[in-house]
Structures are given as C-alpha cells and as structure tokens.
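Inside the fold
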Amino acid sequence: MAGQYFMFGNYTKGAWLVLASGLVDMVDGAVARGSGQKTRFGAVLDSTFDRLSEGFIYAGLAFNHYLATLALATSFGVSYIASKESRVAKGFAERGDRLVLLALGAFFGRVDLALAVIIGLATLTIIVRLKSAHKLLGEK
C-alpha cells in the first residue's frame, strides 16, 4: 500500500506505511524467536516478503522519481550478497536504514535526495560486502 500511496503522490501516508511495515517486520521475528516458533522456512518467507515489499515501495515511487529504479537495484544488490554469503560485513545500508531514509525523505518532501542517499550508501555497502565476501571465501 505504501507504494500505491507514493505512486499517487501521497508521500506522508506512504511514509507512515513504510515505517509501520518496518515495525511489524521487527516484531514478527521477535515473536517467533521468543515463542520458540522460529523455523528456517519462516526465515526464508520473511526474507522473501522483505524483498517484495521493498520492491513494491520503489515501484510506486518510480512513477514519479526515476531514481527509484536505481535505488531498487542497489537495494536488492545489498540483500543478494548477504543471501549468498551470510558472514559478509554489514555495510551502511541495511533494509531498515533504507526504509527510514526513504520515510524521512517523504515526510520532508525530499524523496529524490533520500533516493540519491540510498543509492550511494547501498553502492558503498555492495562494495564493502563484495570485498568482505572475497576475503571470507579466500579466493584470489
């Protein structure tokens, strides 16, 4: 729904939904761990819905902000590297960081600036994670 609000230019409602989805995402994992119901499939399902929801957000933004497609690509790059090698360095643009930056940009009418910052930080994170993966895997 956040992507739909962004698509139609309602950035404040979109930003609130982005923050609410991030909060729900944090709570559901904590509840599963706390109640002893954590499963490997649950982790796969959670990661899948994280990627989909972030994609829908950027897709909605792409109707009015061309930088959203670059933000989507670099954001997925950050997540992809960690999915292939979980021990990589964290970097500067985890999903939560990106969503908070995006929400702040939407609240303050600076979506393009927020997207540019996300692209920059995500690109740096990709570089850090690739270097980390290379070192961890011990390949020349």
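Check the entry above for the structure.
Read on for an overview of the structure. (Residues numbered from 1 in each chain as written. Predicted model: local features only at pLDDT ≥ 70, side-chain atom pairs only at ≥ 80, totals over all residues. Heavy atoms only, no water.)

Moving on, we come to the packing of aromatic side chains. Ring pairs (aromatic) are described by centroid distance and by the angle formed between their planes. One pass over the structure, following the stated rule, counts 2 aromatic pairs. Ring centres 5.0 Å apart and planes at 65° place the aromatic pair tryptophan 16 and phenylalanine 107 in the edge-to-face group. Here tryptophan 16 is found in helix H2 (residues 11–34), whereas its partner phenylalanine 107 is found in helix H5 (residues 95–107), with 91 residues between them in sequence. Overall, tryptophan 16 belongs to the exposed group, its relative accessible area being 54%. By relative accessible area, which is 28% here, phenylalanine 107 ends up partly exposed. (Phe/Tyr/Trp six-rings, centres within 6.5 Å; stacked < 30°, edge-to-face > 60°. Helix = DSSP H or I, 4+ residues; strand = E, 2+ residues; numbered from the N terminus. Buried < 20%, exposed > 50% of the residue type's maximum accessible area, 1.4 Å probe, protein only.)

Moving on: the pattern of salt bridges. Side chains that differ in charge, positive against negative, can pair when their charged atoms come close. For the structure shown, the criterion picks out 5 salt bridges. Between aspartate 25 and arginine 95 there is a salt bridge whose closest N-O contact spans 3.1 Å. Of the two residues, aspartate 25 sits in helix H2 while arginine 95 sits in helix H5, which places them 70 residues apart along the sequence. This pair shows no difference in class: aspartate 25 is buried, exactly as arginine 95 is. Where aspartate 50 meets arginine 95, a salt bridge forms, and the shortest distance between an N and an O atom there is 3.7 Å. Taken together, the residues aspartate 50 in helix H3 (residues 40–62) and arginine 95 in helix H5 connect sequence positions 45 residues apart. Members of the salt-bridge network, linked through shared partners, are Asp25, Asp50 and Arg95. (Salt bridge = Lys/Arg side-chain N within 4 Å of Asp/Glu carboxyl O.)

Next up on the list: a nonpolar patch on the surface. A cluster of nonpolar side chains, Phe41, Val44, Leu45, Phe49, Leu52 and Phe56, forms an exposed patch at the surface whose accessible area comes to about 640 Å². Checked against the element boundaries, valine 44 lands in helix H3. (Patch = residues over 30% accessible without salt bridge, like charges linked within 9 Å, V, L, I, M, F, W, Y side chains within 5 Å. Areas by Shrake-Rupley, 256 points an atom, 1.4 Å probe, with all protein chains shown as cover.)

General note: in soluble globular proteins, nonpolar side chains tend to be found buried as a group. Judged by nonpolar contacts, the single largest core of 18 residues is most densely connected at Phe6, Val18, Ile57, Tyr58, Leu61, Leu102 and Leu115. Elements supplying a minimum of two residues to this core: helix H1 (2–7), H2, H3, helix H4 (67–84), H5 and helix H6 (111–137). In this structure, leucine 61 is in contact with Phe6, Tyr11, Ala68, Leu102, Val111 and Leu115, ignoring residues within four places of it in sequence. Membership of the second largest hydrophobic core comes to 7 residues, among which are Val78, Ile81, Ala93 and Ala122. (Core = buried A, V, L, I, M, F, W, Y, C linked by side-chain atoms within 4.5 Å. Contact = heavy atoms within 4.5 Å.)

It is worth spelling out H6 at this point. Taking 1.5 Å per residue as the helical rise, H6 with its 27 residues ought to reach 39 Å, and the 38 Å between its terminal C-alpha atoms agrees with that figure. Buried-residue contacts for H6 involve H2, H3, H4 and H5. Two residues or fewer after H6 comes glycine 138, characterised by a positive phi angle close to 65°. (Expected span 1.5 Å × (residues − 1).)

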